[in-house]
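Secondary and tertiary structure notes
Residues per chain are reported as follows:
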Amino acid sequence: GLTLGVTAQQVSDAAQQPPVTFRLEVNYVEVDAVVTDENGNFVDDLTLEDFEILEDGEAQDVSAFSLVNIPVARAERALFSADPLEPDVSTNERPFDGRVFVLLLDDLHTTAERTNQTKVAAREFIERHLGANDLASVFFTSGRSDGSQGFTGNRRLLLAAVDKFLGQGVRSSVLTRNDTFFRRLGDRDGTERVIDELDNERGLKARGALGTLRELSEWLSGVRGRRKAVVFLSQGIDYDIYDVINSPYASTIASEVKRTIAAATQANVALYTLDPRGIATIGSDVAEAVFINDDASTGTQTGIRADGLRYNLRLAQDSLQIMADETGGMAFINSNDLSSAYTRIVEDNSAYYVLGYYPTNDRRDGRFRDIEVRVTRPGLVVRSRNGYLAPRGRDDEPELMEAEGASEALREVMTNPLPVSGLSLRVAAAPFLGERPKSSVAVMVELDGGNLTFAERDGLFVDTIELSLTIVDDEGKIAGGESQSLGLELQPETHESVSRHGLKVVSRFDLEPGRYQVRVASHETGGGRSGSILYDLE
């Protein structure tokens, strides 16, 4: 094959990449529909003619239709080992045919003593319910990037991200106010209302978690043709949005919840909410309740009530239930059966129909639009999301990776959150001893020569290949990269060699010891094919 050495030119970050369709149009609406018979079995032989979609009661013209029926594949395991084999070469030769999961761990609302419960719950999903053909990522609501993990099928990397989780949630507002009451008992008459000294922090954490959920939805909006599931492991948002007098953030957080649901419905993201505490949700708080200065029994006006613990719990659980219901997901609350919950989540993302349309009402008025999916075949049950909030105002231009002179085709795969098949790529990396403390890392990108379409001109075989490579560290910062346009004018014998053995592009980067993700995107002019790939590097 032909090997090219190229010079690194640093570029800015890319969002990560899918094999499904990428669409830039904002007014395009996509709906997932699960159709079952009277026995609850999925019906997999329907055609486009069997479906009708109504938006606000008006029939819509379905412009995209597909059936997704994903088997659960077993991970290949090494001999005498319980761990899956980790390939040292990543390839997009096989189109992505799995499920898409984002594990969002709510460190902002998980108290420190509940940290391990959340880790155990997340690990169970990864170890027992993630298929070998699935892609998953791990993020924290605090937005910390040093522990997050982008899309990968590598369970070891996903588990390593989970292990970095640390709850930083605050105590219940009831217990916090009770602490304040006894600490200041000598400075007051013990009858006036006690404020929640952590209210500001509580409100900021609620807004932070909801903001992260919105960012994830916007990030996933580039994925079309596949159901997108955010598995939200959280104790719930316990801020009292109904007490506008004593809770300064009440109206703001209520509005933030609506915005978060709107972002998820616009991006067709389903939220599967799960309280990892299970049935023992109040736990040690109940034991402390006996020491609460309950104004119901003392006749004071402190606002501290022992039954407030259950009220706060209900607030938190209601937030999880509402977000799941409004986005077409499921809520798993007050249950210790994690396995059944995860099985239902996997099944819900394994078999469904995808229907897309451009709504006849294209006004960007921010109003809710009802969606009803029907099938003409009698005796069948359809389950789909019931609507979405239309976008409001002028659409923002998508943030694209800075690659000077890059074509629109290359930019599209650069902004896609999952690997894209089409132009076949293979990527491998090897660290060598460099100038300490750095290593000199060789990154090789190989393009399948059979995918390249050359034009014959003046006895030469001509094609142009655009290649973008970005290396991102575990804090989400760019550690290196390059953007190249390779103009190929090959002699017949060289063309024959490239067609048989492929084209290899080798680059070297000096990197500090650590964990990185290499993101490669490419487009070739001759056949118009594009592809992208992710490679995890330590």
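Preceding block: the structure.
First, a word on scope: everything that follows refers to the structure included in this document. Fair warning: this is a prediction, and the values are worked out from it, not measured in the lab.

1. A look at the overall build of the protein
On a plain count of helices and strands, the protein comes out with 11 helices and 24 strands. When each of the 538 residues of the protein is scored for burial, the buried share is 53%. Here the protein has roughly 24500 Å² of accessible surface; of this, 48% comes from carbon and sulfur atoms.

2. Description of the pairing of strand E7 (residues 100-105)
Within E7, six of the six residues are buried, which leaves it mostly tucked inside the rest of the structure. Judged by which residues are buried, E7 turns out to be covered on both faces: Val 100, Val 102 and Leu 104 on one side and Phe 101, Leu 103 and Leu 105 on the other are all buried. Since E7 and strand E8 (residues 135-140) lie parallel, the crossover through helix H1 (residues 115-129) that links them has a hand, and here it is right-handed. Pairing of E7 with strand E10 (residues 228-233), which is carried by six bridges, proceeds in the parallel orientation. Residue pairing in the sheet places Leu 104 in a bridge with Phe 232 of E10.

3. Here we look at the environment of Asp 295
Within the secondary structure layout, Asp 295 lies in helix H7 (residues 295-298). Spatially, the C-alpha atom of Asp 295 lies 6.0 Å from that of Arg 305, the residues being 10 residues apart in sequence.

4. Let's talk about helix H5 (residues 250-266)
An ideal rise of 1.5 Å per residue puts 24 Å on 17 residues; H5 measures up with 25 Å between its terminal C-alpha atoms. Within the sequence span of H5, burial applies to Ala 250, Ile 253, Glu 256, Val 257, Thr 260, Ile 261, Ala 262, Ala 263, Ala 264 and Thr 265. Those residues of H5 that are buried lie in contact with helix H4 (199-220), strand E11 (269-274), helix H8 (308-327) and strand E16 (387-389). Two residues or fewer after H5 comes Asn 268, characterised by a positive phi angle close to 60 degrees.

5. A closer look at the sheet that holds strand E14 (residues 368-375)
Spatially, the four strands line up as an open sheet ordered E4-E3-E14-E16, and their pairing is antiparallel. Of all strands in the sheet, those bounded by a partner on one side alone are strand E4 (58-59) and E16. In this sheet, E4 lies alongside strand E3 (residues 51-55) in antiparallel orientation, the contact comprising two bridges. Bridging across to E4, Leu 54 finds its partner in Ala 59.

6. Remarks on H8
Relative to the 28 Å expected for 20 residues at 1.5 Å per residue, H8 spans 29 Å between its end C-alpha atoms, a close match to the ideal helical length. Gly 308, Leu 309, Asn 312, Leu 313, Leu 315, Ala 316, Gln 317, Ser 319, Leu 320, Met 323, Ala 324 and Thr 327 are the residues of H8 that are buried. Among the residues trailing H8, Gly 328 stands out with phi positive, at a value near 85 degrees.

7. Focus on the packing of aromatic side chains
Going through the model one piece at a time under the given rule, you end up with 11 aromatic pairs. Measuring from ring centre to ring centre gives 6.2 Å for Tyr 239 and Tyr 249, while their planes differ by 80 degrees; the resulting arrangement is edge-to-face. Note that Tyr 239 is positioned in the loop between E10 and H5 and Tyr 249 in the loop between E10 and H5, a separation of 10 residues in sequence. As far as the burial class goes, Tyr 239 and Tyr 249 line up, both buried. Linked through ring pairs, Phe 42, Phe 51, Phe 65 and Tyr 353 together constitute an aromatic cluster.

Cut-off values and rules
- Residues numbered from 1 in each chain as written.
- Predicted model: local features only at pLDDT ≥ 70, side-chain atom pairs only at ≥ 80, totals over all residues.
- Heavy atoms only, no water.
- Helix = DSSP H or I, 4+ residues; strand = E, 2+ residues; numbered from the N terminus.
- Buried < 20%, exposed > 50% of the residue type's maximum accessible area, 1.4 Å probe, protein only.
- Areas by Shrake-Rupley, 256 points an atom, 1.4 Å probe, with all protein chains shown as cover.
- Right-handed = clockwise from strand over helix to strand, strands pointing away.
- Pairing = 2+ DSSP bridges.
- Expected span 1.5 Å × (residues − 1).
- Contact = heavy atoms within 4.5 Å.
- Phe/Tyr/Trp six-rings, centres within 6.5 Å; stacked < 30°, edge-to-face > 60°.

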